[in-house]
Amino acid sequence: MKTSIYGLTFEQLTDWLVDHGEKKFRSKQVWEWLYQKRVTDFDDMKNVNQSCIDVLKENFTIETLSEEIKQESEDGTVKYLFKLHDGNIIETVLMRFNYGLSVCVTTQVGCNIGCSFCASGVLRKNRDLTGGEITEQIMKVQHDLDGKQKGERVSHIVVMGIGEPFDNYDNLIDFLNVVNDKKGLSIGARHITVSTSGIAPKMYEFADEGIQINLALSIHAPNNELRTQIMKINRAYPLEKLMPAIDYYLEKTNRRITFEYILLKDVNDHVKEAHQLADLLMDKKHLSYVNLIPYNPVADNPYERSDKEAILNFYQTLMDRGIKCGVRTEHGTDIDAACGQLRSKQIEKEKARKKGKKEKAGV
Ligand code: SAH
Ligand code: SF4
């Protein structure tokens, strides 16, 4: 199996080409064909010499994902299901905001963190995505936009699809390098957000990377008891390990952190928890922003969405305590655009189809 060329950073591509007898300047040309002119065939790289094209063709592929399903919502959200070379299915979402076009990428096939409210966590991790497979999601969406010839460009990225990005750290960092590269897609670091369930040691490492990328932490509960109940990762990294990691990140980067908080009816949505959350963040409130997320119901799980009144009270309590916050606006609810939903439905369908076949065959 050839590897995806999208998995290489510019430096890696340069070294690789030089190692294979090509001139150093070729990497800039190849890079521009991939990320600025965005060809999908090595033969279309017009100013690149034949020996370079041949050696690239022998060792790399450009396209490894195939589009299985594409759904467009009334609000312009587009949801893609891509099939990987090994048959696994992932999902990618394009969202339209007044500030630009944002793509939500997947980092793993399934997720092992197993949060009790999440559709991705229900299906365990099958494997990590390669850096190339993460980048290719952006390229697929951009190629789709290019085809419409409206000059639209992916300007923002959220790493909030299926999977825990900090459980696939090295590939994540390669991906961030590729999409951020000024000679290519040039998506600004400040326009990229990585969301983690709170793998504390990796938060230290991320702080040390010296990049301007935004960090979001899925906090979801203001005390250990409740957090462990809904996120079992809290056993490994409870709040007393998480908060120092956050403090380190803030001190090192001086960048604001977004705290994500899903509101689950009668579980974590009382005014009492809003006060506890405010207490927890009080000493860092100038660098904190709380994103309140209306829960998207997932089949076979016990939670319900909080009432509007509870959401408003939670919001108002935080605001009154001086904690900046907002309620996440939803995108594409008519097309299952929430984390992992379309994919898990598709997998259920496949299972049902296979079961039906077996039953028909009498096995
Ligand atoms: N694994 C990372 C990133 C992917 S999940 C993380 O957990 O942060 C991205 C966000 O979607 C997280 O904040 C997650 O808690 C949220 N999410 C998961 N399932 C959801 C659901 N059913 N409704 C609303 N938000 C959900
Ligand atoms: Fe994994 Fe994030 Fe879903 Fe938790 S919320 S199961 S960490 S994808």
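Residues numbered from 1 in each chain as written. Chains lettered and ligands numbered in written order. Predicted model: local features only at pLDDT ≥ 70, side-chain atom pairs only at ≥ 80, totals over all residues. Heavy atoms only, no water.

The name an unreviewed UniProt entry gives the protein is Probable dual-specificity RNA methyltransferase RlmN, with Salimicrobium jeotgali as the organism. Of the protein, the UniProt comment under Sequence similarities (unreviewed entry) reads exactly: "Belongs to the radical SAM superfamily. RlmN family." Turning to the protein, the UniProt record has this under Subcellular location (unreviewed entry): "Cytoplasm". (UniProt positions renumbered as here; feature names shortened; annotations may be inferred.)

Novice: Sorry if this is basic, but what is going on with the pairing of strand S11 (residues 214–218) here?
Specialist: Of all five residues in S11, five are buried, a share of seventy percent or more. Here strand S10 (residues 192–196) pairs with S11 via four bridges, running parallel. Counterpart to Thr 196 in the pairing with S11 is Leu 217. On the question of chirality, the crossover connecting S10 to the parallel S11 by way of helix H7 (residues 200–208) is right-handed. Two elements, S11 and strand S12 (residues 257–263), share four bridges in a ladder whose sense is parallel. For Ser 218, the partnering residue across the bridge sits in S12 and is Glu 260. (Buried < 20%, exposed > 50% of the residue type's maximum accessible area, 1.4 Å probe, protein only. Helix = DSSP H or I, 4+ residues; strand = E, 2+ residues; numbered from the N terminus. Pairing = 2+ DSSP bridges. Right-handed = clockwise from strand over helix to strand, strands pointing away.)

Novice: Any chance you could explain the UniProt feature "binding site: S-adenosyl-L-methionine" (unreviewed entry) in the protein here in plain terms?
Specialist: Those places that UniProt annotates as "binding site: S-adenosyl-L-methionine" (unreviewed entry) correspond, in this numbering, to Gly 163, Glu 164, Ser 195, Ser 218, Ile 219, His 220 and Asn 296. Within the element layout of this structure, Glu 164 appears in the loop between strand S9 (154–159) and helix H6 (169–180). Apart from residues lying up to four places away in sequence, Glu 164 is in contact with Thr 107, Gln 108, Cys 111, Ile 113, Ser 195, Thr 196, Ser 197 and Ile 199. One polar contact links the side chain of Glu 164 to the main-chain amide nitrogen of Phe 166, over a distance of 2.9 Å. When you line up the elements, Ser 218 lands in strand S11. If we ignore the near neighbours within four places in the chain, the residues touching Ser 218 are Ser 195, Thr 196, Ser 197, Arg 227, Met 231 and Glu 260. (Contact = heavy atoms within 4.5 Å. Polar contact = N/O pair within 3.5 Å; in protein donor to acceptor, adjacent residues only side chain to side chain.)

Novice: How should the packing of H6 against H7 be read in this particular structure?
Specialist: When two helices pack together, their arrangement is given by the angle between the helix axes and by the axis-to-axis distance. Between H6 and H7, the shortest axis-to-axis distance is 12 Å and the interhelical angle comes to 30°. Taken together, H6 and H7 sit at an angle that is classed as roughly parallel. The hand of the H6/H7 crossing is right-handed. Between H6 and H7, the contacting residues are Tyr 169, Ile 173 and Leu 176 on the first element and Lys 202, Glu 205 and Phe 206 on the second. Residues that form the contact of H6 with H7 fall into these classes: four nonpolar, no polar and two charged. (Axes fitted to C-alpha atoms, helices over the stretch in contact; angles between N-to-C directions. Parallel < 35°, antiparallel > 145°, perpendicular 65-115°, else oblique. Left-handed = near helix turned anticlockwise from the far one by under 90°. Nonpolar A, V, L, I, M, F, W, Y, C, P; charged D, E, K, R; others polar.)

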